[in-house]
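# Secondary and tertiary structure notes
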Amino acid sequence: AGLWLQVVLQGILPGCLLVAFGNALLLVRGYNNRVEFGRYDAAAEWERATLNQVLQIKDLHRRMQRWDRSLIDITNRLGVVALAVLVSIAFLFLIGSSLPDDWNKIIAVNGAVLLLPHWVTGTRRVLTRPSLLIKIAMFEDVLNNARDKLLPHTVEFFVLLKGAKTRVPDDVKFRVRLAQQKDGFLGLYGQVAINTVNGNSYPYFYTVLVAKKDFGLNALYLSTTTPEKTTLEFRQEGEVEVLVVRQTTTRTSGYHTVNRAARALMAAGLRLAEQVGRA
């Protein structure tokens, strides 16, 4: 009816309003697989995972990004390029058309009214965990670098799952259980914190020796001379004591651990763990 009215009146209005209304009836809401978390999730818990399960997170992320690509979707590069190409072709067609200018305007306006709403609605919103991928990539690097030294020991992975109904991986860490490990020693943990500066995410890797209360990590802390740009921190938390091996930070620097520094921290943590935790 809107198109017929424009032909009869040879003008854009009011027929274009009917076209817009009819097109609105064809719009879809789209799909959103994101999970919104509150500040505290009582259902969050660490679960043991294998290396393959951790690497599956990377594969899942790749598949979700591939699914998110669509020609008719402004939220991805492919959709932006497709829209730009289509608009360019339409512009070239109209300027080369032999139709009167009024009819070119009618065609252009109707084309925009019919097409553009479908590019900005019905979009796909995909759940991504870029920080989690940064952590996994750093773990891969430090563990591969220390592969020979880790051969006698056992490396275990843990994934933090959040959400009551939909269980979504939100964090990951690993633990090294030593061969012939003392009863009071609970393992060497490797973790990564993500520091965001100006929209960019930077990993901060550190290792943590964990033992039962009064095991003796404080004595190790007092007797150890740390390398340059490395900081040891001892503290007691309830029934356990921990010794953190991390990169030295200042008020303005040190919050990004490059791979070379992360490997050194892993080697230092493993050396201290073997020194104090093996029977």
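Quick look at the structure, then.

What counts, and where the lines are drawn
- Residues numbered from 1 in each chain as written.
- Predicted model: local features only at pLDDT ≥ 70, side-chain atom pairs only at ≥ 80, totals over all residues.
- Heavy atoms only, no water.
- Core = buried A, V, L, I, M, F, W, Y, C linked by side-chain atoms within 4.5 Å.
- Buried < 20%, exposed > 50% of the residue type's maximum accessible area, 1.4 Å probe, protein only.
- Helix = DSSP H or I, 4+ residues; strand = E, 2+ residues; numbered from the N terminus.
- Salt bridge = Lys/Arg side-chain N within 4 Å of Asp/Glu carboxyl O.
- Phe/Tyr/Trp six-rings, centres within 6.5 Å; stacked < 30°, edge-to-face > 60°.
- Lys NZ or Arg CZ within 6 Å of the ring centre and 35° of its normal.
- Pairing = 2+ DSSP bridges.
- Axes fitted to C-alpha atoms, helices over the stretch in contact; angles between N-to-C directions.
- Contact = heavy atoms within 4.5 Å.
- Parallel < 35°, antiparallel > 145°, perpendicular 65-115°, else oblique.
- Left-handed = near helix turned anticlockwise from the far one by under 90°.
- Nonpolar A, V, L, I, M, F, W, Y, C, P; charged D, E, K, R; others polar.
- Lys, Arg positive; Asp, Glu negative; His and termini not counted.
- Polar contact = N/O pair within 3.5 Å; in protein donor to acceptor, adjacent residues only side chain to side chain.
- Patch = residues over 30% accessible without salt bridge, like charges linked within 9 Å, V, L, I, M, F, W, Y side chains within 5 Å.
- Areas by Shrake-Rupley, 256 points an atom, 1.4 Å probe, with all protein chains shown as cover.

### Observations regarding the nonpolar core
Core analysis: the biggest nonpolar cluster contains 38 residues, and Val142, Phe174, Val176, Phe205, Leu209 and Met266 have the highest contact counts within it. In terms of residues, this core owes the most to one element, helix α9 (residues 259-277), which gives 8 residues. Within the second largest apolar cluster, 7 residues are counted, among which are Tyr189, Tyr204, Val242 and Val244.

### Digging into unusual backbone geometry
Trans peptide bonds make up the majority, and among non-glycine residues the majority have a negative phi. Leucine 13 connects to proline 14 through a cis peptide bond whose omega is 0°. Within the fold, proline 14 resides in the loop between α1 (2-9) and α2 (15-24).

### Topic: the pattern of salt bridges
One pass over the structure, following the stated rule, counts 7 salt bridges. Of the charged contacts, one joins arginine 175 and glutamate 156 as a salt bridge, the two residues approaching to 2.5 Å between their closest N and O atoms. You can see arginine 175 sitting in strand β5 (residues 168-177) and its partner glutamate 156 sitting in strand β4 (residues 154-162), a full 19 residues away along the chain. The partner of glutamate 233 in a salt bridge is arginine 235, with the nearest N and O atoms 3.7 Å apart. Given a relative accessible area of 28%, glutamate 233 falls into the partly exposed group.

### Some thoughts on the packing of aromatic side chains
One pass over the full model with this rule turns up 6 aromatic pairs. Ring geometry for phenylalanine 139 against phenylalanine 174: centres 5.1 Å apart, planes inclined by 85°, an arrangement best described as edge-to-face. You can see phenylalanine 139 sitting in helix α6 (residues 130-145) and its partner phenylalanine 174 sitting in strand β5, a full 35 residues away along the chain. Note on phenylalanine 139: relative accessible area 2%, which makes it buried. Geometrically, the ring pair formed by tyrosine 204 and tyrosine 206 is tilted, given 6.4 Å between the ring centres and 40° between the ring planes. Sitting over the ring of tryptophan 46, lysine 173 keeps its end group 4.3 Å from the ring centre.

### With respect to the sheet that holds β4
Spatial ordering of the open sheet is given by β2-β4-β5-β6-β7-β9-β8, a layout of 7 strands whose pairing is antiparallel. Edge positions in the open sheet fall to β2 (45-49) and β8 (230-237), since each of these has one partner strand only. Strand-to-strand twist of the sheet, defined as the mean angle between neighbouring strand axes without regard to direction, takes the value 30°. One ladder, built from 5 bridges, connects β2 with β4; its direction is antiparallel. Note that in β4 the partner of glutamate 47 across the bridge is valine 159. On the sheet, α6 packs against β4, β5, β6 (185-197) and β7 (200-212) and is oriented at approximately 20° with respect to β5. Helix-sheet contacts for α9 involve β5, β6, β7, β8 and β9 (240-247), and the interaxial angle to β7 is about 5°.

### So, the packing of helix α3 (residues 51-68) against α6
Interaxial distance between α3 and α6 falls to 10 Å at its minimum, and their mutual angle equals 135°. By the angle class used here, α3 and α6 are oblique. The way α3 lies across α6 gives a crossing that is left-handed. In contact with Val54, Leu55, Ile57, Lys58 and His61 of α3, α6 contributes Leu132, Leu133, Ile136 and Glu140. Each residue belonging to the contact of α3 with α6 can be placed in one class, and the counts come to 6 nonpolar, 1 polar and 2 charged.

### What to know about the side chain of glutamate 241
Positionally, glutamate 241 belongs in strand β9. The buried charged residue glutamate 241 lacks any salt bridge partner; its closest oppositely charged side chain belongs to lysine 213, at an N-O distance of 8.6 Å. Within the structure, the side chain of glutamate 241 is placed 3.3 Å from the backbone nitrogen of aspartate 214, a separation counted as a polar contact.

### Here we look at a nonpolar patch on the surface
A surface patch of nonpolar side chains, amounting to about 350 Å² of accessible area, comprises Trp4, Val8 and Leu9. Tracing the backbone through its elements, the reader meets tryptophan 4 in helix α1. A relative accessible area of 60% places tryptophan 4 in the exposed class.

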